[in-house]
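One-letter residues, chain by chain:
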Amino acid sequence: MSTEPAVTPPAPAAPPTARRVRSERTFHGDTFVDDYAWLAGKEDPQTIAFLEAENAYTEGMTADQAGLRDAIFGEIKARTQETDLSVPSRKGGWWYYTRTVEGMQYPVFCRRAVRPGDSLPPMSEDGAPLDGEEVLLDGNELAGDEKFFAIGAYDVSPDGRLLAYSTDFSGSERFTMRIKDLVTGQTAADEIPDTFYGSAWSRDGSALFYVTVDQAWRPYRVWRHLVGTPAAADAMVFEEADEKFWVGVGLTRSERYLVISASSKLTSEVWLLAADQPEAEFQAVRPRRPGVEYSVEHQVRADGTDRLLILHNDQAENFELAEAPVSNPAAWTPLIAHRDDTRLLGVDAFEGFLVVFFRRDALTGLRILGPDGAERGVAFGEPVYTVAPGANPEYDSRLFRLGCASLVTPDSVYDCDMATGQLTLLKRRPVLPRPDGRAYDPGDYEQHREWATAADGTRIPISLVGPRGMARDGRAPLLLSGYGSYEISSDPSFSVPRLSLLDRGFVFAIAHVRGGGEMGRRWYDDGKILRKINTFTDFVACAEHLVAQRWTTPRRLIARGGSAGGLLMGAVANIAPQDFGGIVAQVPFVDALTSILDPSLPLTVTEWEEWGDPLHDPQVYAYMKSYSPYENVTGQTYPPILAVTSLNDTRVLYREPAKWVARLQATGRGGPFLLRTEMVAGHGGRSGRYDAWHEEALVLAWVVTTAGAA
């Protein structure tokens, strides 16, 4: 039975006209006239009316894609094993895991007691619950009829008796913390509002530490809650006064130390407290020094001796690993020296082993260090892939859980024997046949690594995947993704929705542009503050390289990016609109200068070390104004643009894409320029998995149609 409407409503002839209200923004002797500043009024009925009118316009302009949207949604759903469970991870006397249930939006959090001889509980291929399962939290039950639901903390106490969890029902990323007794099944009556992500238990489970945010949504205070006492009596144990810093709290894997981390974009400081003394005072490992970042792990060795492991960049651009005695934590002795070609990312400590996580040549890697100092690598034989630590809560284990995936290999969970290096595949994400019955075969696709050359001669890596044997004649549609900020790397990964593009003849590519972390810390430094434009020109160089190598043509090349990657999309739309056949910008940071000038906004002050401080520095102001997408919209011809945002996003406010699209519609030629606003969602979009699939199907249907591949 067809799901298409009997009558397709006609598309509106023209986009809604946003009224113009002159508003001047003057800094450093420069005045910018912002006719759409009024859209910042989230409570203004006229703002809501404009967003709803834009939604109606977008719906009308994409009405002919409804059948394709339904088909892509059906493909995603058909290929996904809806009832499934994660590989259980052992902690103490329990196996912990999550389950999904067909027809349900959210995961169910569960555990099962460890039984004699258990190496791993037997898992059925159909994702059925484990025998003896205990449900700790059911996300579907908690969500009820709410349109949005997210969990910010999920933290079982070391003794397995209590669960701390927090929830958000709007997408604002302000969570309410609760504590559940897992023995009685009762949830405590008192609640802790306005908490941030994460939490940490004391060793005996008598105290819970959590973080709260200030008016700018900056996590800045750490609190101690004593179980059984009212939340109003909680004690603040740490406050970060410097507005460039944010804080987090955690517990070392050894469960010996509670850790408070205070970090800016360039500097960090760590404070420790013995986890069995929760009412004592935290002590700094080493006082903060501008430009020095460090993190701390704790290791207790088999002979009972212990040490701190410090990953830092003090005179080590790509970081080195040091050790220090617990009695003198500021005395750092090198353990793994700095290398120019290797960015150290993290270290996991176990009783007898260390596992180092690193990045080299735009690929991730893991290396195991044994108690005798011997090293062993973990290798995967694909040209592009991503490997990363998995869930490893058990300290005295010789098995290291890791995850690996590539552009053609679904997410795979392994246990690695740290003594021998032997890998055991525990589970590979099932990919079911598509609706026509054709099974997934990774051999139907091929993946590549290419290198574009930027204007300054820098080689930019590109990861690609496409149908096997595809002719390189320039006729294939291509989706090019990019990000390039915060030293975040766009690593190759597997995607079920992406198969709907590949099976329609698409090539998918990732431009690993500067500003990300793919090629080490210098790669990041070369794409920030007064070098930010490198991020944008790198992406253009990648697009032009793909055309020159006959992967595609500009008309069939669609660009996609979100958040800071949305800034990238807005910038390249202004810089090189002729290079793209369409652009998708999701929760895009396109009014960057206006936001970074306003220290009252969420995250602004903490971002000055990423973008520069235009409020106090005229050079930074002028530089940001030269690339900020909103200010640089002109009457030139732009490709079609689809912008997607969320009303309750606290990271990139909805008003940025709203103003940008309004200006494009009033000033730019070409297009069309479409804006879709989720009216109950946050930075990550819709929260339920089926809702998220519908949103992705909408975007992919637009991509397919715009590239002429429908």
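Residues numbered from 1 in each chain as written. Predicted model: local features only at pLDDT ≥ 70, side-chain atom pairs only at ≥ 80, totals over all residues. Heavy atoms only, no water.

Trainee: It is not clear to me how the overall build of the protein should be interpreted in this structure. Could you clarify?
Mentor: Each helix and strand counted, the protein has twelve helices and 40 strands in total. For the protein, the C-alpha radius of gyration of 26 Å lies close to 27 Å, the compact-globule estimate for 710 residues. Taken along the three principal axes of its C-alpha coordinates, the protein extends 75 × 65 × 55 Å. Per-residue burial over the protein gives 57% buried out of 710 residues. Counting contacts in the protein only where the partners sit at least 6 residues apart, residues at least 24 apart contribute 58% of the total. (Helix = DSSP H or I, 4+ residues; strand = E, 2+ residues; numbered from the N terminus. Rg over C-alpha atoms; globule rule 2.2 N^0.38 Å. Buried < 20%, exposed > 50% of the residue type's maximum accessible area, 1.4 Å probe, protein only. Contact = heavy atoms within 4.5 Å.)

Trainee: Where do I start with the pairing of strand β19 (residues 294-300) in this structure?
Mentor: Sheet faces and side chains relate simply in a regular strand, where the side chains alternate between the two faces. With respect to burial, β19 is a largely interior element, six of its seven residues being buried. Direction of pairing for β19 relative to strand β20 (residues 306-312): antiparallel, over a ladder of seven bridges. Directly across from H298, in β20, lies its bridge partner L308. (Pairing = 2+ DSSP bridges.)

Trainee: Can you walk me through the packing of helix α2 (residues 66-79) against helix α12 (residues 689-706) in this structure?
Mentor: Helix packing for two helices is described by the angle between their axes and how far apart those axes are. Contact pair α2 / α12: the axes reach a minimum separation of 8 Å and the direction vectors enclose 130°. Relative to α12, α2 is oriented oblique. At the point where α2 passes α12, the crossing takes the right-handed sense. Each of L68, R69, I72, F73, I76 and K77 in α2 lies in contact with α12, whose residues at this interface are Y690, W693, H694, A697, L698, L700, A701, V704 and T705. Looking at the contact of α2 with α12 residue by residue, the class counts come to eleven nonpolar, two polar and two charged. (Axes fitted to C-alpha atoms, helices over the stretch in contact; angles between N-to-C directions. Parallel < 35°, antiparallel > 145°, perpendicular 65-115°, else oblique. Left-handed = near helix turned anticlockwise from the far one by under 90°. Nonpolar A, V, L, I, M, F, W, Y, C, P; charged D, E, K, R; others polar.)

Trainee: Just to check I follow, could you spell out the sheet that holds strand β12 (residues 207-213) for this structure?
Mentor: Hydrogen bonds between backbone groups are what pair the strands of a sheet, and the pairing can be parallel or antiparallel. The strand order across the open sheet formed by seven strands is β8-β9-β10-β11-β12-β13-β14, and the pairing between neighbours is antiparallel. Since the sheet does not close on itself, it has two edges, and those belong to β8 (150-156) and β14 (235-239), each with one partner. Averaged over all pairs of adjacent strands, the angle between their axes in this sheet comes to 30°, without regard to strand direction. Sheet analysis places strand β13 (residues 219-226) next to β14, joined by four bridges and oriented antiparallel. In the sheet register, W223 faces β14, and the bridge partner there is M236.

Trainee: Please clarify how the sheet that holds strand β23 (residues 343-349) should be interpreted in this entry.
Mentor: Across the sheet, which stays open at both edges, the four strands sit in the order β23-β24-β25-β26 with antiparallel pairing between neighbours. Looking along the sheet, the strands with just one partner apiece sit at the ends: β23 and β26 (375-378). Averaged over all pairs of adjacent strands, the angle between strand axes in this sheet comes to 25°, irrespective of strand direction. Here strand β24 (residues 354-360) pairs with strand β25 (residues 363-369) via seven bridges, running antiparallel. Residue pairing across strands places R359 opposite T364, the latter belonging to β25.

Trainee: Looking at this model, I keep getting lost on the packing of aromatic side chains. Mind explaining?
Mentor: Each aromatic ring pair is characterised by the separation of its centres together with the angle its planes make. Under the criterion given, the structure shown has 24 aromatic pairs. Put simply, the rings of F73, Y690 and W693 pair up and form one aromatic cluster. Its guanidinium or amino end placed over the ring of W332, R286 lies 3.6 Å from that ring's centre, counting from NZ or CZ. The residue whose ring lies beneath R663 is Y630, and the NZ or CZ to ring-centre distance is 5.4 Å. (Phe/Tyr/Trp six-rings, centres within 6.5 Å; stacked < 30°, edge-to-face > 60°. Lys NZ or Arg CZ within 6 Å of the ring centre and 35° of its normal.)

Trainee: Explain the pattern of salt bridges to me, please; I cannot follow it from the model alone.
Mentor: Pairing is possible between side chains of opposite charge, provided their charged atoms come close. Counting across every chain of the model gives 52 salt bridges. In this structure, D34 engages K659 in a salt bridge whose closest nitrogen and oxygen atoms are separated by 2.7 Å. Pair noted here: D34 is in the loop between β2 (30-33) and α1 (45-61) and K659 is in helix α11 (residues 655-667), with a separation of 625 residues, a long-range link. Looking at D34, the relative accessible area reads 5%, which means it is buried. When salt bridges that share partners are traced, they join R79, R434, D436 and D503 into one network. (Salt bridge = Lys/Arg side-chain N within 4 Å of Asp/Glu carboxyl O.)

Trainee: I would appreciate a short explanation of helix α9 (residues 604-611) in the present structure.
Mentor: Residues lying three or four places apart along an α-helix face the same way, a consequence of the helix completing one turn every 3.6 residues. Counting buried positions over the eight residues of α9 gives eight, a clear majority of the element. Every buried residue of α9 is listed here: T604, V605, T606, E607, W608, E609, E610 and W611. Looking at the buried positions of α9, the neighbouring elements they touch are β15 (246-251), α5 (521-525), α7 (564-575), α8 (592-596) and α10 (618-627). Positive backbone phi, at 100°, marks G612, one or two positions downstream of α9.

Trainee: I keep staring at the environment of L546 and nothing clicks. Help me out?
Mentor: Structurally, L546 is set in helix α6 (residues 533-548). Residue class for L546 comes out buried when judged on its relative accessible area of 0%. On a C-alpha basis, the gap between L546 and T677 in space is 32 Å, while along the polypeptide they are 131 residues apart. Not counting residues up to four positions away in its chain, the partners in contact with L546 are I462, L464, L478, L480, A509, W551 and T552.

Trainee: Help me understand the nonpolar core in this model?
Mentor: Residues L480, F539 and W660 are the most contacted members of the largest nonpolar core, which totals 71 residues. Of the residues forming this core, the biggest block, seven residues, is contributed by α7. Apart from residues no more than four positions distant in its own chain, W660 is found in contact with G570, A585, V590, P629, Y630, V633, I641 and A643. (Core = buried A, V, L, I, M, F, W, Y, C linked by side-chain atoms within 4.5 Å.)

Trainee: Looking at this structure, I do not really get the environment of V652. What am I missing?
Mentor: One can find V652 in the loop between β38 (641-646) and α11. Linking V652 and I529, residues 123 residues apart in sequence, is a C-alpha distance of 19 Å. Those residues within four positions of V652 in sequence are excluded, and the remaining contacts are S563, V587, P588, F589 and H683.

Trainee: Is there a simple way to think about the pairing of β23 in this case?
Mentor: Counting buried residues in β23 gives six out of seven residues, a clear majority hidden from the surface. Direction of pairing for β23 relative to β24: antiparallel, over a ladder of six bridges. Looking across to β24, one finds that L344 is bridged to F358. Here β23 folds back onto β24 in antiparallel fashion, the turn holding four residues.

Trainee: I keep staring at α1 and nothing clicks. Help me out?
Mentor: Compared with the 24 Å implied by 1.5 Å per residue over 17 residues, the 24 Å span of α1 between its first and last C-alpha is a close match. Considered for burial, the residues of α1 that qualify are T47, F50, L51, E54, N55, Y57, T58 and G60. Lining the buried residues of α1 we find β38, α11 and β40 (673-678). Backbone nitrogen of Q46 and a side-chain oxygen of the N-cap are separated by 2.9 Å at the start of α1; the cap is D44. (Expected span 1.5 Å × (residues − 1). Polar contact = N/O pair within 3.5 Å; in protein donor to acceptor, adjacent residues only side chain to side chain.)

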